[in-house]
There are 4 protein chains.
Amino acid sequence: MKKGLKVVTIGGGSSYTPELIEGFINFHKELPINELWLVDIEDGKEKLEIVGNLAKRMVEKAGIPIEIYLSLDRKEALRSADFVTTQFRVGQLAARELDERIPLSHGVLGQETNGPGGLFKALRTIPVILDICREMEEVCPNAWLINFTNPAGMVTEAVFRYSNIQKVVGLCNVPIGMEMGVAKLLDIDHDRVRIDFAGLNHMVFGLNVYVDGVSVKDQVIDLLTDPEKSITMQNIHVMGWEPEFLKALDVLPCPYHHYYYKSGEMLEKELENFKEGGTRAEVVRKLEKDLFNLYKDPNLSIKPPQLEKRGGAYYSESAVRLIHSIYTDRRDIQAVNTMNKGAITGLPYDSAVEVSCMITKDGPKPLAVGELPIAVNGLVQQIKSFERTAIEAAISGNYGKALLAMTINPLVPSDRVARVILNEMLEAHKRYLPQFFS
Amino acid sequence: MKKGLKVVTIGGGSSYTPELIEGFINFHKELPINELWLVDIEDGKEKLEIVGNLAKRMVEKAGIPIEIYLSLDRKEALRSADFVTTQFRVGQLAARELDERIPLSHGVLGQETNGPGGLFKALRTIPVILDICREMEEVCPNAWLINFTNPAGMVTEAVFRYSNIQKVVGLCNVPIGMEMGVAKLLDIDHDRVRIDFAGLNHMVFGLNVYVDGVSVKDQVIDLLTDPEKSITMQNIHVMGWEPEFLKALDVLPCPYHHYYYKSGEMLEKELENFKEGGTRAEVVRKLEKDLFNLYKDPNLSIKPPQLEKRGGAYYSESAVRLIHSIYTDRRDIQAVNTMNKGAITGLPYDSAVEVSCMITKDGPKPLAVGELPIAVNGLVQQIKSFERTAIEAAISGNYGKALLAMTINPLVPSDRVARVILNEMLEAHKRYLPQFFS
Amino acid sequence: MKKGLKVVTIGGGSSYTPELIEGFINFHKELPINELWLVDIEDGKEKLEIVGNLAKRMVEKAGIPIEIYLSLDRKEALRSADFVTTQFRVGQLAARELDERIPLSHGVLGQETNGPGGLFKALRTIPVILDICREMEEVCPNAWLINFTNPAGMVTEAVFRYSNIQKVVGLCNVPIGMEMGVAKLLDIDHDRVRIDFAGLNHMVFGLNVYVDGVSVKDQVIDLLTDPEKSITMQNIHVMGWEPEFLKALDVLPCPYHHYYYKSGEMLEKELENFKEGGTRAEVVRKLEKDLFNLYKDPNLSIKPPQLEKRGGAYYSESAVRLIHSIYTDRRDIQAVNTMNKGAITGLPYDSAVEVSCMITKDGPKPLAVGELPIAVNGLVQQIKSFERTAIEAAISGNYGKALLAMTINPLVPSDRVARVILNEMLEAHKRYLPQFFS
Amino acid sequence: MKKGLKVVTIGGGSSYTPELIEGFINFHKELPINELWLVDIEDGKEKLEIVGNLAKRMVEKAGIPIEIYLSLDRKEALRSADFVTTQFRVGQLAARELDERIPLSHGVLGQETNGPGGLFKALRTIPVILDICREMEEVCPNAWLINFTNPAGMVTEAVFRYSNIQKVVGLCNVPIGMEMGVAKLLDIDHDRVRIDFAGLNHMVFGLNVYVDGVSVKDQVIDLLTDPEKSITMQNIHVMGWEPEFLKALDVLPCPYHHYYYKSGEMLEKELENFKEGGTRAEVVRKLEKDLFNLYKDPNLSIKPPQLEKRGGAYYSESAVRLIHSIYTDRRDIQAVNTMNKGAITGLPYDSAVEVSCMITKDGPKPLAVGELPIAVNGLVQQIKSFERTAIEAAISGNYGKALLAMTINPLVPSDRVARVILNEMLEAHKRYLPQFFS
């Protein structure tokens, strides 16, 4: 085996990068990375340098022999990589803002992963990830692709279906966030909690919850019926569930389920913010600005605590845990986006699902779930229909497919509204959607 | 074989009955019914007599030897029946009106089959149909149960799952209406049109459309993109589909799909009517009143043409065609609600589906559909989740299950709104929901 | 529509052809064929001429305006065909003889469809049928391919998987033979009998049996427990079933099931014949010689009755019925080999199965079967494993795949015996197996 | 939690018991058993005492505070158990001898798990295990049932289907034996080897083989094509595989696959032994006699090394590993017999399968396998058909079902031979088959 590992991070100029660096530093003993390439595009050069310099200061301070490289030449950077992580955002925060504002201006939730916003994120992102895969085929065909770019489920499925890179895992911080949330709720250590996850990205359910191997699902659900208690995420306004609803549901919803089981109230809340001029994207833009100001400080050589407010909590931990478990064949359980292959009965065999897996050197091996509970199967299937139609639209650049995806999305009230929003968003994102405009 | 057939019609006092009588008269040569029992409850006695007397005048005028019996003693009437048809409505039109008005008063579509209204129709109807099945087991265990009572899909599934009567078929006039609509659109004879149907009750799609065995699906879809043209049903306000949406959908939606692909506009329209004091139920009430006034006329001895406005067009034709094909082992194709048994891949093996079947003496044999198109599978699955949860609520009388069913319904915006509507509807229908109030 | 239909029969010099001609003559009113091309290879030229001349005399005598063409140029003959029927035999009877004799010389049944003999028939036939498909793509891409060449199931699946011709139906005379057999057993007209068929080619079961739409399965099974009664086929030595076995099986086996449920006795019987110098192939060779002598007679202008002893009874009837039903969109029920698409739960979605179908202008539409009975599912699955492995061997010319197919065949006692038989057969059929010897 | 664990071993007088004791001693630190009940029947009293006394000497010598109880009152012994292990043999070795000798006397392999012998073992064992389950329901409803009694797959499935005890795991030493065999073959430590197992009991395949997380399947298969090398088990005469067959199979067969892929040679070998008066059962009887003589020695207080020749190697290790992992929620991977629930696509959802599972406090959670390789699926399905039919026969005592199971077994050449063997075996085992003789 060669001397050390080469990791390449596409979208290296992201404000999340310091988390990743921190993780690599903490795990360095068992995960001997000796080259870390941070790659970004021309437009992100300034941020890349700010983050890159902080990264260098961090490893130096930690006394860890990771060499950090900054690059705008993606293909060259990818050469001989062992792990490629992707956390880029096509069109940056400005695009996300449009993903939210345009639907809201028509009275519809944008929802940046499984809603109209998510559709456009997929349309912009999938062609880029497939480009990356084609480059990987050439210069690092055996590398693992660890994708955090949202919509992580659709991106992972697009890679499985439309590229020759099959060593791909889609990663989300929702499952780890839910486990952390339960630990906090029960006031116990995170390591003692295990949740059986099944569903799709941002549409995942905790089918059972264990503490030290004993099911505490009923107790957790009881606790969550208290409106004062909840499993929150930084970036979702969380409201209490109706107690009788949650008990009858009998599984743990994820925070994003607020968009589906409380779409009325979520829309109201977001429209309020919208009218006051604020969307989540704008909040994030403000946070990012502050973060980069911090990052610039040549005296900063650790991950600043303010980053945790950013909304991507646990991403670092998830990503590094995953890479570590693959590298060391650790065979621990983590919930990731991978190919279904029958793990969840009723979902397509060759679709991406988010499910508890044993992580091995050979990749994630899903634990068999069997049938989803009747009451949640329908919504999961509907989102999968949306995802697959959206992927087809992203690949083909077909207007009708995009309109179909938009219309069947559960947040969109009609084909007519779908067309209006679609047309406006296509125009707004034109620059990033060559497949629709050639 | 015995001399003639005995048919029992539960809900015989319905305004639809004259259509059924007309059908039995027209088919009498091949379908030798000699006893027709019209059964109703005490509250419906007056209507039963009006309709029953018209029925007697009709068969007499036609010179057909069908003996007509009117009865309030259901179990006695069922004895030795060959076919039992059910077209009763628990709580009558007043209940339907509440099914529509209460949700609308909270800004939500009532939708009497697959919406909140449909949930309550199921909660009221399923216990009664299971009572009927128990009686049939005793007094006519080999009879076929032909159910038209809505929600026909849920009622059929409840019978399959929770009774010993397995010779049950659920019937809806939507498929035949769609074939008639296509025939009219193409200005050809109905007999030349065949549609491959698959889906659920009021959630059925035409996967392909043939004229003389040659697919004309593309042509029909093209025609339907013209807003002036549509396949209408009397009881649904039909709006044109977005042309690019319909083309990308690439299958024929049924009129009820307006509630899902145009829920925004449908809600707006119904709220408008609601504010003007009119709901569909009220329109129907008026029509019914006029019809019964007509029926009373001792000089009337045919089905009055005004009945066609009633909204149940083709029910007579469907029901009689079905009974005829079973009785004669005709092996023709009809779309009915029957047990899936793998015909539609991905839907539960033992759930009711609405699908094109070969009709034999041994009952309906579904044509294998395979996988539903990706884009429509999600919505169908979601309605099936709702249906199964609703059936569980109807059987158990469990408040949480009912709230769960209401919340996961795609027309309901949140668990909170679901609870408000549920509570109000439970109270309003208390009399018909003993399973929730004992 | 053009004036008449063009039918092309590959392997037109077969002794079966007069049956086909008879069928086309009988159905001519509804199936207006005006060109029939009989195609054969150079080696079969003499037979083609004998059969072709008889065919010409037959249509002339019948006064039917079908023009008959004889051709050795397959691709030219195929041009603009509407239906292509294939009944060729690669290597002719001599090859079949080897298919039987070589396994028997090692104490193993040859079984020309699903046994070691069938494996070699597949290895020889699949490359030729795919050549034909490539030609059809060029010169008659919209024609229906009606394949009778055995092993019909594997050939049909190979076409589905490895060619662009998807309008293909595999035809076998076993189902019609079973219906005829039941009719004879009950001494009633064939038209009154309907069997629900499901399984694979030469591995098909009658799941239910109806007379006039009423199940008579139990009665038929009872009759078949009488060793004097059976549903025979000309080419299989039929022995009575153990009564208690047949009753517990609770479905109708086909005659070929003797090879699996009575392999011991069948082997004994065939070894006996083998030692006496006779195999089924040799019997057929003698019959064929006699037939061609008859066919030469210029005074013969009808199908000679002796042909019925040949073993392919009902082929003519099946083939013409099928073409007729497709052409006229007849929507009757016939059991054919077609793509499963979920019709039989548990068998691969995209594999060929033999199943009762509604025959339409758009091809066969299988009736949904659901799960096979537990006790028969295993054997059917095992033959499907064999078939798919054999197809892979036929396509790839891979020795290991062929050995694997031979070993997993239920008639072959071990990997070692499989290798011995395989090697000897490869050598014997070398001329027809270029994929293994290049 | 209470002070210590109570384990009850049914069939405690077995010669295997000292292995189990050794395991409990070794793991005592993490698996704090304080009561071990060895239970047997009246007929086994003597053996129980011999083994029980040895067990007492073993724990005493080891200085471990496990209290050992001997009992003939099964239900009393079961009271408040935490784990119940079953290793009884209905009819003891004499019955096994008949299971082998009767089929062989008719030229058929007996094969004590999946062959005719296995059928009778199931017929004798299933009623007893269901009795045990009924007792457990009453006196220790929350205990785990760890069944080693063969046929372990059928016994486990019978418990799932026909009892209320669902905390049941079926255990076999084949998977651990295969991992040990691979470790030996590669001359490495067992802990470094992991095999992905899937299939049925004694019909399990190694789909992939890893050393330190890296696949070495091709290398292992290559090694196994050397006739000098093999993965042996004490109780199966192992012969080399045909190299090209094994490579094309492309997965690791288990030793029992010799009975299916080499049935010819296995039969020859066993017939030879049979003629020489020896069967496996007789060899075992001799070994047992010797073992019990050893066990009697009051100076013996460890597991005697001679026990390893007995054929049940690794049983102790497997059983104790499993109980330990359940008790400590260890989440390691072990291959056990558990309910499929979709883990292996194509096998029934509610059937027992043998598959790699994560072992948790909540029981085994299978890793999703997806589809079995085409070439092996058929045989696995066939054995599952046999198993399910055999279970139905065991429950119902129906002669026809038993004949059906015997006939569809791949080792049995015909329905006629099946009947002969069945009748003789029913008579021979009459005493243990009350369900067939009442």
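Bear in mind that the values here come from a model prediction, so they are computed numbers and not experimental data. (Residues numbered from 1 in each chain as written. Chains lettered and ligands numbered in written order. Predicted model: local features only at pLDDT ≥ 70, side-chain atom pairs only at ≥ 80, totals over all residues.)

J.: Any chance you could explain the interface of chain A and chain B here in plain terms?
T.: A common measure of how large an interface is: the accessible area buried when the components associate. If you look at the interface, chain A gives 39 residues, while chain B gives 39 residues. Take the side of chain A that touches chain B: its biggest share by element is twelve residues, from helix H14 (residues 374-396) of chain A. The residue inventory of the side of chain A that touches chain B, partitioned by class, reads 16 nonpolar, twelve polar and eleven charged. (Contact = placed C-beta atoms within 7 Å. Helix = DSSP H or I, 4+ residues; strand = E, 2+ residues; numbered from the N terminus. Nonpolar A, V, L, I, M, F, W, Y, C, P; charged D, E, K, R; others polar.)

J.: Looking at this structure, how should I read the relation of the copies chain A and chain B?
T.: The operation relating the two chain copies consists of a rotation about an axis and a shift along that axis. Under the fitted operation, chain A is carried onto chain B by 0.0 Å of movement along the axis and a turn of 180°, and the coordinates agree to an RMSD of 0.0 Å. Here the transformation between the copies is reduced to the relation of a two-fold axis. The rotation axis passes nearest to the C-alpha of A:Gly346 in chain A, at a distance of 2.7 Å. (Least-squares fit on C-alpha atoms with pLDDT ≥ 70 in both.)

J.: Would you explain the environment of B:Leu104 in this entry?
T.: All names here are of chain B. Secondary-structure assignment places Leu104 in helix H4 (residues 92-105). The sequence separation of Leu104 and Ala248 amounts to 144 residues, and the corresponding C-alpha distance is 32 Å. Once residues within four sequence positions are removed from consideration, Leu104 is found in contact with Gly110, Glu270, Leu271 and Phe274.

J.: Would you mind going over the domain arrangement of chain A with me for this structure?
T.: Residues and elements named next belong to chain A. By the assigned domains, chain A splits into domain 1 (5-91 + 104-171) and domain 2 (374-436). On a C-alpha basis, the centres of domain 1 and domain 2 stand 25 Å from each other. Facing 21 residues of domain 1, the contacting portion of domain 2 comprises 23 residues. Looking at the side of domain 1 that touches domain 2, the elements that each hand over two or more residues are helix H5 (116-139) and helix H6 (152-162). At eight residues, H5 tops the list of elements feeding residues into the side of domain 1 that touches domain 2. Residue classes in the side of domain 1 that touches domain 2 are distributed as 13 nonpolar, six polar and two charged. (Domains from an automatic or database assignment.)

J.: How do you make sense of unusual backbone geometry when you look at a structure like this?
T.: Across residues other than glycine, the phi torsion is negative in most instances, and most of the peptide bonds are trans. Look at the link from C:Asn150 to C:Pro151: it is a cis peptide, with omega at -5°. Among the structural elements, C:Pro151 can be located in the loop between strand S5 (144-147) and helix H6 (152-162). Unusually for a residue other than glycine, A:Lys341 sits at a positive phi of about 45°. Along the polypeptide, A:Lys341 turns up in the loop between strand S10 (332-339) and strand S11 (344-345).

J.: Sorry if this is basic, but what is going on with the relation of the copies chain C and chain D here?
T.: Mapping chain C onto chain D leaves a residual RMSD of 0.0 Å; the transformation is a rotation of 180° accompanied by 0.0 Å of translation along its axis. Of all interface residues in chain C, 100% are interface residues in chain D too; the two copies therefore contact each other through one and the same surface.

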